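Listed below, chain by chain, are the residues.
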Amino acid sequence: MSSASLRECSPVDITDDDVMAAMKAMQGYIDITPADFREVYRVAYTLAKDRMMNALKAADIMTAPVHVIGADSDLIATASLLAEKGISGAPVTDRSGKVVGVISEKDFLRRMGAGKNGSFMQVIAHCLKNKGCVAAPMLNHTAADIMTAPAVTAGPDISIGGISALLMEKNINRLPIVDADGKPAGIVTRSDLVNAFCMLG
């Protein structure tokens with residue numbers, strides 16, 4: 001995602017309820033001094049941020065519609081689509097349209113021998129050393145052959161706090177958002193999440 005498309009940051013909107021909740025959360029009698037006010041503000045800010053973390057949902061920040069790859073799509077077409085759309089990964093769907101996996105640059109690199117934490121430059125180095133392209137063995141293979149499966153997905157009502165926890169727990173960069181039938185409704189990437197946190201101030 002380009003910097004031009006990033007959402008502008010905005011401060012957290014602290015409501016009177018947040019301030020009252022913060023004052024109730026503080027122990028003892030409050031003598032309003034500048035230090036006390038700063039403490040009220042700090043606690044109110046935290047409460048407001050937590051409230052917004054739970055209020056903002058995947059449906060509010062996801063990219064939709066989402067580009068998808070058919071499980072039986074050959075890898076030339078798959079790589080071409082990712083390159084054409086300027087994306088590094090996409091959900092993979094079966095013939096019924098349900099999300100069954102996710103394919104990304106990492107899956108291509110891993111299949112080309114770069115390893116779990118490999119890089120594009122490792123692939124280039126391998127090609128140069130061996131005077132050949134390590135992508136050649138992937139000819140006549142499909143997205144289903146190299147995708148990461150099963151896909152980690154979530155519904156449109158998951159909070160951005162929940163999305164953040166899921167991305168960290170599963171060590172993934174994108175979360176396909178699916179409807180009740182398991183069909184793609186959108187996608188949330190780490191960039192979308194960063195923009196959402198930016199909105200929270």
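See the structure printed just above.
Within each chain, residue numbers correspond to sequence positions counted from 1 in written order. Only residues with pLDDT of at least 70 are given local features in this predicted model, and only at 80 or more are side-chain atom pairs given and counted; all residues enter the totals for whole chains, interfaces and linings. Values reported for side chains reflect all heavy atoms of the structure, with hydrogen atoms and water molecules removed beforehand.

### What to know about the nonpolar core
When a protein is soluble and globular, its nonpolar side chains tend to lie buried together. Spelled out, the test is: As used here, the term nonpolar core means buried Ala, Val, Leu, Ile, Met, Phe, Trp, Tyr and Cys residues forming a set that is joined through side-chain atoms within 4.5 Å. Only protein chains enter the area calculation, which uses a 1.4 Å probe; residues under 20% of their type maximum are buried, those over 50% are exposed, and those in between are partly exposed. Helical segments are the DSSP runs of H or I of at least four residues, strand segments are the runs of E of at least two, and each set is numbered from the N terminus. Any two residues having at least one pair of non-hydrogen atoms within 4.5 Å are treated as being in contact.
Core analysis: the largest hydrophobic core is formed by 17 residues, its most contacted members being Ile69, Leu75, Val92, Ile103, Phe108, Met112 and Val123. Elements supplying a minimum of two residues to this core: α4 (75-85), β2 (89-93), α5 (105-111), α6 (120-130) and α7 (143-146). Leaving out residues up to four positions away in the same chain, Ile69 has contacts with Thr78, Leu81, Ala90, Pro91, Val92, Thr93, Ile103 and Ala143. One finds Ile61, Ile160, Val188 and Ala196 within the second-largest nonpolar core, a separate group that totals 16 residues.

### Details of the sheet that holds β2
Cut-off, in case you're wondering: For two strands to count as paired, DSSP must find a minimum of two bridges between them.
Pairing in this open sheet of three strands is mixed, and the strands run β1-β2-β3 from one edge to the other. The sheet is open, and its two borders are formed by β1 (69-70) and β3 (99-104), each paired with just one other strand.

### With respect to the pattern of salt bridges
Note the cut-off: Just to be clear on terms, a salt bridge is a Lys or Arg side-chain nitrogen sitting within 4 Å of an Asp or Glu carboxyl oxygen.
Counting across every chain of the model gives five salt bridges. Residue Arg95 pairs with Asp72 through a salt bridge whose shortest N-O separation is 3.8 Å. Separated by 23 residues along the polypeptide, Arg95 in the loop between β2 and β3 and Asp72 in the loop between β1 and α4 bring together distant segments of the chain. This pair shows no difference in class: Arg95 is exposed, exactly as Asp72 is.

### Thoughts on the pairing of β2
Buried residues dominate β2, accounting for five of its five residues. Where β1 meets β2, two bridges bridge the pair, whose relative direction is parallel. Across the sheet, residue Gly70 finds its bridge partner in β2, namely Thr93. Of the pairings in the sheet, the one linking β2 to β3 comprises five bridges and is antiparallel in character. In the sheet register, Pro91 faces β3, and the bridge partner there is Val102. The antiparallel hairpin formed by β2 and β3 contains five residues in its connecting segment, where Gly97 sits at a positive phi of about 90°.

Purely spatial values, then, with no claim about function.
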